[in-house]
Amino acid sequence: MEPQSQDLKTAPFLTLGRFHISEDYGFLLPNPLMPLLNCQFLTGYREWRLAHLVLSFITMGYVWQDGETQPKEILPRNLALPFVEVSRNLGLPPILVHSDLVLANWATRNPGGPLEIRNLDTIVSFPGGESLRGFILVTVLVEKAAVPGIKALVQAVNAILQPSPDSLLQALQRLRVSIQDITGALGQMHDCVNPDVFYSVIRIFLSGWKDNPALPVGLVYEGVSKEPLSYSGGSAAQSTMLHAFDEFLGVRHSKESADFLHRMRDYMPPSHRAFVEEIRGAPSLRTHVLSSGNGQLLTAYNQCVESLAALRTYHLALVTKYLITAASKAKARRTSHLPRPPQALEERGTGGSAVVSFLKSVRDKTLEALLHPSG
């Protein structure tokens, strides 16, 4: 079922600013590093975001400091209370999320220099050395590569409302290039992240306490709730860009995948989640392209879908290397300088999903969105 088209005359033009999305940095929080924070005197959105970043890293480090065999089951009140307060203020869960790990966790070494891996650094880190730095900062560059794509969504929605076929065609072409650039940025993982270090050292600190046998009932937030609370770990599925692209292109996932993806939206900053919903509620691009009879628009739309499917195929290959193959190697190792890898989430994503079948499904459903000219 295609979503109902809005009244084109009354629908407001879409802008990025009201969703806390930057014209230059997209979903990345511009220049996240600020002076040290005192929770009693936090003012403004940016300080609350930085507080969430710091408290989430402290929490993950505390819970998993002794590995998966001895996780802490109670978060002390002096950490739980401010973390929950900051989280409620932001509309985020009290756990490390993608908007902490990546979107608010980067700084430029030379502020006047380019946004590239050599000129970037993380603000807060876990064990994992250069591989952790690479994992976070390559993902920062992936988000930066999405900026022309999310701006193209705004241009495209407004071009449907006007309507302006030329502007819509240009927007679809820009979106395709952006998705291809995202795939290119993702490729830097191979040079920057050691699969064995990611699997054996880093992954545990991204793991949550929902669908995780290591903490089967969740984590008690002392002073907040006597009952354990369950939250998923950080996951690429919490990145807003792919949700927005899916809604714009009209990609419809299987119920199981869609349920997981929609749950991951609760782990996004509410303004970013609202942007996805705004795209979802906009006039249907697929309906517009089909009814236009414009072959150029149909071709451009299909090229966007094909590029998105190719990105998902590439992501699947990366996950296979860094999770499935790394797990097999870890089992085969008799001695190693690396710690014993976590077993509880073996071959599952840090968000708790059965990651390979999930990624194959979303890739295949993306391809099903391809349009075929009528007649």
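Before reading on, note that the structure itself is shown above.
The text that follows walks through the structure, step by step, so that each part is easy to find.

Cut-offs and rules
Residues numbered from 1 in each chain as written. Predicted model: local features only at pLDDT ≥ 70, side-chain atom pairs only at ≥ 80, totals over all residues. Heavy atoms only, no water. Core = buried A, V, L, I, M, F, W, Y, C linked by side-chain atoms within 4.5 Å. Buried < 20%, exposed > 50% of the residue type's maximum accessible area, 1.4 Å probe, protein only. Helix = DSSP H or I, 4+ residues; strand = E, 2+ residues; numbered from the N terminus. Contact = heavy atoms within 4.5 Å. Axes fitted to C-alpha atoms, helices over the stretch in contact; angles between N-to-C directions. Left-handed = near helix turned anticlockwise from the far one by under 90°. Nonpolar A, V, L, I, M, F, W, Y, C, P; charged D, E, K, R; others polar. Phe/Tyr/Trp six-rings, centres within 6.5 Å; stacked < 30°, edge-to-face > 60°. Expected span 1.5 Å × (residues − 1). Bend = angle between axes of the 7 residues up to and from the residue. Polar contact = N/O pair within 3.5 Å; in protein donor to acceptor, adjacent residues only side chain to side chain. Parallel < 35°, antiparallel > 145°, perpendicular 65-115°, else oblique. Arc of directions from axis to C-beta. Salt bridge = Lys/Arg side-chain N within 4 Å of Asp/Glu carboxyl O.

## A few points about the nonpolar core
- Of all hydrophobic cores here, the largest spans 120 residues; its most connected members are Trp 209, Phe 245, Phe 248, Leu 249 and Phe 275.
- Looking at this core element by element, the count peaks at 17 residues for helix 13 (residues 295–332).
- Apart from residues lying up to four places away in sequence, Leu 249 is in contact with Leu 175, Leu 285, Arg 286, Tyr 301, Cys 304, Val 305 and Leu 308.

## Looking at the packing of helix 9 (residues 240–249) against helix 13
- Two numbers describe how helix 9 lies on helix 13: the axes approach to 11 Å, and their chain directions differ by 145°. For the pair helix 9 and helix 13, the crossing hand works out as left-handed. Residue-level contacts link Leu 242, Phe 245, Asp 246 and Leu 249 of helix 9 to Tyr 301, Cys 304, Val 305, Leu 308, Leu 311 and Arg 312 of helix 13.
- Split by residue class, the contact of helix 9 with helix 13 holds eight nonpolar, no polar and two charged.

## Looking at the environment of Asn 31
- The topology assignment puts Asn 31 in the segment before helix 1 (44–63).
- Expressed as a C-alpha distance, the spacing of Asn 31 and Asn 105, which sit 74 residues apart in the sequence, is 9.0 Å.
- Excluding residues within four positions of it along the chain, Asn 31 makes contact with Arg 46 and Trp 106.

## A short note on the environment of Gln 162
- Among the secondary structure elements, Gln 162 is positioned in the loop between helix 5 (147–161) and helix 6 (165–186).
- The class for Gln 162 is partly exposed, based on a relative accessible area of 47%.
- Expressed as a C-alpha distance, the spacing of Gln 162 and Phe 13, which sit 149 residues apart in the sequence, is 9.1 Å.

## Let's talk about the packing of aromatic side chains
- Under the definition given, this model contains 10 aromatic pairs.
- Between Phe 27 and Phe 275, the ring centres sit 5.9 Å apart and the planes meet at 65°, which makes this aromatic pair edge-to-face. Residue Phe 27 is located in the segment before helix 1, and its partner Phe 275 is located in helix 11 (residues 270–281); the two are separated by 248 residues in the primary sequence. The same class applies to Phe 27 as to Phe 275, namely buried.

## Some thoughts on unusual backbone geometry
- At the junction of Gln 162 and Pro 163, the peptide bond is cis and its omega measures out at -20° in the coordinates.
- One non-glycine residue, His 20, lies in the positive phi region at around 55°.
- Following the sequence through the fold, His 20 ends up in the segment before helix 1.
- Judged by relative accessible area, His 20 falls into the partly exposed class, the value being 45%.
- With a phi angle near 55°, Asp 211 is a residue other than glycine that sits in the positive phi range.
- Tracing the chain through its elements places Asp 211 in the loop between helix 8 (195–206) and strand 4 (220–221).

## Comments concerning helix 13
- For helix 13, spanning 38 residues, the distance from its first C-alpha to its last is 54 Å, which sits close to the expected 56 Å at 1.5 Å a residue.
- The axis of helix 13 is deflected most strongly, by about 35°, at Thr 320.
- Near the N-terminus of helix 13, the side chain that reaches the backbone nitrogen of Gln 296, with its oxygen 2.9 Å away, is that of Asn 294.

## A word on the packing of helix 6 against helix 13
- Look at helix 6 against helix 13: their axes get within 9 Å of each other, and the N-to-C directions meet at 15°. Overall, the two elements helix 6 and helix 13 adopt an arrangement that is roughly parallel. The hand of the helix 6/helix 13 crossing is left-handed. For the pair helix 6 and helix 13, the contacting residues are Pro 165, Leu 168, Leu 169, Leu 172, Leu 175, Arg 176, Ile 179, Gln 180, Ile 182, Thr 183 and Leu 186 in the first and Gln 296, Leu 297, Ala 300, Tyr 301, Gln 303, Cys 304, Ser 307, Leu 308, Leu 311, Tyr 314, His 315 and Leu 318 in the second.
- When its residues are assigned to classes, the contact of helix 6 with helix 13 shows 16 nonpolar, six polar and one charged.

## Description of helix 11
- If you check helix 11, its first and last C-alpha atoms are 16 Å apart, about what 12 residues at 1.5 Å a residue would give, namely 16 Å.
- For helix 11, the set of buried residues is Ser 271, His 272, Phe 275, Val 276 and Ile 279. The buried residues of helix 11 occupy one face: seen down the axis, they fall within an arc of 155°.
- Along its buried surface, helix 11 packs onto helix 1, helix 3 (98–103), helix 5 and helix 9.

## Considerations on the pattern of salt bridges
- The final tally for this structure, using the stated rule, is 16 salt bridges.
- A salt bridge links Glu 277 to Arg 265, with the shortest nitrogen-to-oxygen separation between them at 3.2 Å. Taken together, the residues span a long stretch of sequence, with Glu 277 in helix 11 and Arg 265 in the loop between helix 10 (255–264) and helix 11 at a distance of 12 residues.
- On the basis of relative accessible area, Glu 277 is assigned to the partly exposed category, the value being 37%.
- The exposure class of Arg 265 is buried, given its relative accessible area of 6%.

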